[in-house]
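Here's the letter readout for the chains.
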Amino acid sequence: PSAGAWDRVLDPVLVAAVAPFLVLAGSRAAPGRAAGAMAALGAISYPLYLLHVPVSQLALRFAGRAIGSHAPWSGLLFTAALSGAILAAVRWYDEPARAWLRRFLAPRPAPRVQPLGKSSPISR
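Residues numbered from 1 in each chain as written. Predicted model: local features only at pLDDT ≥ 70, side-chain atom pairs only at ≥ 80, totals over all residues. Heavy atoms only, no water.

A.B. asks: Describe helix α4 (residues 73-105), naming the residues involved and giving the relevant values.
C.D. replies: Since the α-helix turns once every 3.6 residues, residues separated by three or four places project in the same direction. Here α4 is 33 residues long and its end C-alpha atoms lie 45 Å apart, about the 48 Å a rise of 1.5 Å per residue gives. Along α4, the largest kink reaches about 40° and is centred on V90. On the buried face of α4, the contacting elements are α2 (35-63) and α3 (66-69). (Helix = DSSP H or I, 4+ residues; strand = E, 2+ residues; numbered from the N terminus. Expected span 1.5 Å × (residues − 1). Bend = angle between axes of the 7 residues up to and from the residue. Contact = heavy atoms within 4.5 Å.)

A.B. asks: Describe in detail the packing of α2 against α4, supporting the description with residues and values.
C.D. replies: For the pair α2 and α4, interaxial distance at closest approach is 9 Å and the crossing angle is 130°. It follows from the interaxial angle that α2 and α4 lie oblique. Taken as a pair, α2 and α4 cross one another with a handedness that is right-handed. Residue-level contacts link A43, I44, P47, L48, L51, H52, V55, S56 and A59 of α2 to F78, A81, L82, A85, I86, A89, V90 and D94 of α4. Grouping the constituent residues of the contact of α2 with α4 by class yields 14 nonpolar, two polar and one charged. (Axes fitted to C-alpha atoms, helices over the stretch in contact; angles between N-to-C directions. Parallel < 35°, antiparallel > 145°, perpendicular 65-115°, else oblique. Left-handed = near helix turned anticlockwise from the far one by under 90°. Nonpolar A, V, L, I, M, F, W, Y, C, P; charged D, E, K, R; others polar.)

A.B. asks: So what about the side chain of S74? Which residues, and what values?
C.D. replies: Along the chain, S74 turns up in helix α4. For S74, the side chain forms a polar contact with the main-chain oxygen of I67, separated by 2.7 Å. (Polar contact = N/O pair within 3.5 Å; in protein donor to acceptor, adjacent residues only side chain to side chain.)

A.B. asks: Before we move on, can you summarise a nonpolar patch on the surface with the specific residues and values?
C.D. replies: Taken together, the side chains of W6, V9, L10, V13, L14, V18, F21 and L22 make up a nonpolar region of the molecular surface, amounting to roughly 790 Å² of accessible area. Turning to its location among the elements, L14 is positioned in helix α1 (residues 7-28). Note on L14: relative accessible area 44%, which makes it partly exposed. (Patch = residues over 30% accessible without salt bridge, like charges linked within 9 Å, V, L, I, M, F, W, Y side chains within 5 Å. Areas by Shrake-Rupley, 256 points an atom, 1.4 Å probe, with all protein chains shown as cover. Salt bridge = Lys/Arg side-chain N within 4 Å of Asp/Glu carboxyl O. Buried < 20%, exposed > 50% of the residue type's maximum accessible area, 1.4 Å probe, protein only.)

Below, the structure is given as C-alpha cells:
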C-alpha cells in the first residue's frame, strides 16, 4: 500500500524504527502455541520472496488487463497459484537441498591412524 506523498517519510521510519522493534520483540518471545506456525512461515518466506515476481509476471502475461476487472477473484487465484509454487519449491527443492547440505557439511570422523611400533612398516 502507498501513503502517497508520505511514503518518503514513512518508509524510512518503518525500516529504521518499527522493523528492528519487531525483530527484538520476536527474539525475546518464548516459544508457545504459535511455534509451529512460525516455523512453517519461516520455511516458506524465502521461496515466497523468490517466486512472487515470476508468478505475478506469468499471471500478467496470461491474463493481462483482465486481472483488475476480476478482482478479488484474480487475487485469490494468484494467491493459490503462488502458494502451490511455494509448496512445490519447498517440497522438491528446498528441503532436499538442505538435507544434502547437512550431509555434505556434517563433521566427519578423523581417519584412524595406527601408532608407530614394532609392527609398523616404517620401523622395519
